[in-house]
Every structure is written in structure tokens, then in C-alpha cells.
Amino acid sequence: MEVSREELLHIANLARLRLKDEEINNYLKNLEEILDFAEVLNEAPIENLEEMTGINENYNVFREDEVKEFEDKEALLQNAPEQERGMLKIPKVM
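Note that the coordinates shown come from a computational prediction; the quantities given were computed from them, not determined experimentally.

## Describing the nonpolar core
Looking at soluble globular proteins, one finds that nonpolar side chains tend to be buried together.
Turning to step 1, where the next piece is worked out: V3, L8, A12, L19, I24 and L28 form the largest nonpolar core, which has six residues in total.
Turning to step 2, where the next piece is worked out: Only α1 (5-14) and α2 (21-42) provide two or more residues apiece to this core.
Turning to step 3, where the next piece is worked out: Setting aside chain neighbours within four positions, we find V3 in contact with L8, L28, L31, E32 and L35.

## Digging into the pattern of salt bridges
Turning to step 1, where the next piece is worked out: The full count for this structure, using the stated rule, is four salt bridges.
Turning to step 2, where the next piece is worked out: With its nearest N and O atoms 3.3 Å apart, the salt bridge here joins E84 to K89.

## Section: the packing of α1 against α2
Turning to step 1, where the next piece is worked out: Packing of α1 against α2 leaves a shortest axis separation of 10 Å and a crossing angle of 95°. In this view, α1 runs roughly perpendicular relative to α2, as classed from their interaxial angle. Contacts between α1 and α2 pair R5, L8, L9 and I11 from the former with D21, I24, Y27, L28 and L31 from the latter.
Turning to step 2, where the next piece is worked out: In the contact of α1 with α2, the residues fall into seven nonpolar, no polar and two charged.

Basis of the calculations
Residues numbered from 1 in each chain as written. Predicted model: local features only at pLDDT ≥ 70, side-chain atom pairs only at ≥ 80, totals over all residues. Heavy atoms only, no water. Core = buried A, V, L, I, M, F, W, Y, C linked by side-chain atoms within 4.5 Å. Buried < 20%, exposed > 50% of the residue type's maximum accessible area, 1.4 Å probe, protein only. Helix = DSSP H or I, 4+ residues; strand = E, 2+ residues; numbered from the N terminus. Contact = heavy atoms within 4.5 Å. Salt bridge = Lys/Arg side-chain N within 4 Å of Asp/Glu carboxyl O. Axes fitted to C-alpha atoms, helices over the stretch in contact; angles between N-to-C directions. Parallel < 35°, antiparallel > 145°, perpendicular 65-115°, else oblique. Nonpolar A, V, L, I, M, F, W, Y, C, P; charged D, E, K, R; others polar.

Written as C-alpha cells, this is what we have:
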């Protein structure tokens, strides 16, 4: 697919790219190659293919949350910049 210099400069402007004159021909060539490859992909046979969201059926396996007592709370709180009522005190987020 052929891309004009004006089209490339318009796309570069939209992307907020500042192309030097010596770069334009290289970018034109690269963009044309990308668009040609997209055309090849558009022509790939897709009949009878199942939709997929990934290449395999693996999924995240989460463990159950367990409450565990920390044996040395004082040592943990010793590193906190602030603490209150035996807990870490952090700044408000909202």
C-alpha cells in the first residue's frame, strides 16, 4: 500500500512526532511495509476457527486468604514511621 508524504506528515502531526526531512523516506518505507503486512493478515483464512482469548487455557489460581498472627508485632512496628493502637498508621488516600 502506498502512503503519500502528506499522509505520513499528517499522521506524524497527530502523533505529535517531529520528523526530520532525512527521516521521512525511512518512515514512509516502514509504514508501507506495516500496511502491506496488515493486508497479508487480512487475507489469512479464518473459516472454522474458534475464537480465543489466549494461546492456552491456563488461568490464575488464587489461594484463599488466611489470617495469620505475626509473632513479633513490636519488631514490625519498630520500622513504621508512625503507628497507632498497635497498627501501622498511613496517610489518608482520599
